[in-house]
Amino acid sequence: MSDDSTETIAVLNMTSVVGIVVCFVIAAGALFALPTLESRGIGFETAFWIVSAAELVTALGIIYFVLNLHEERG
């Protein structure tokens, strides 16, 4: 075993961790947004598609952040 400085180390990317948490909080909040949007006068179908779009964006965000969760430093 040698102490080569050319070895890469996987380091946790804190920006990705924060992004995952933020996307999760937004997605969890969107689950309860449908009745709130309906009580403000928006029709069910429109409110449903708004919530669906928010869920899709947060799911894509979580996928992006998970794929960039580790950085390699050498």
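If you're wondering where the values come from, they're calculated on a predicted model, not measured in any experiment.

J.: Looking at this model, I keep getting lost on the overall build of the protein chain. Mind explaining?
T.: When its secondary structure is counted, the protein chain shows 3 helices and 2 strands. Start at the N end of the protein chain and walk to the C end: the helices and strands fall as β-α-α-α-β. What you see for the protein chain is a C-alpha radius of gyration of 19 Å, clearly larger than the 11 Å of a compact globule of 74 residues, by over 25%. With the C-alpha coordinates aligned to their principal axes, the bounding extent of the protein chain is approximately 70 × 15 × 15 Å. Here the protein chain holds 74 residues, and the buried ones make up 14% of them.

J.: How do you make sense of the confidence of the model for the protein chain when you look at a structure like this?
T.: Low-pLDDT stretches of the model should not have their predicted coordinates read in fine detail. Looking at the protein chain, the pLDDT average stands at 90 and 92% of residues meet or exceed 70. At the low end of the mean pLDDT range in the protein chain sits strand β2 (residues 70-73), at 80; at the high end sits helix α3 (residues 44-67), at 96.

The rules we used
- Residues numbered from 1 in each chain as written.
- Predicted model: local features only at pLDDT ≥ 70, side-chain atom pairs only at ≥ 80, totals over all residues.
- Heavy atoms only, no water.
- Helix = DSSP H or I, 4+ residues; strand = E, 2+ residues; numbered from the N terminus.
- Rg over C-alpha atoms; globule rule 2.2 N^0.38 Å.
- Buried < 20%, exposed > 50% of the residue type's maximum accessible area, 1.4 Å probe, protein only.
- pLDDT = per-residue confidence, 0-100.

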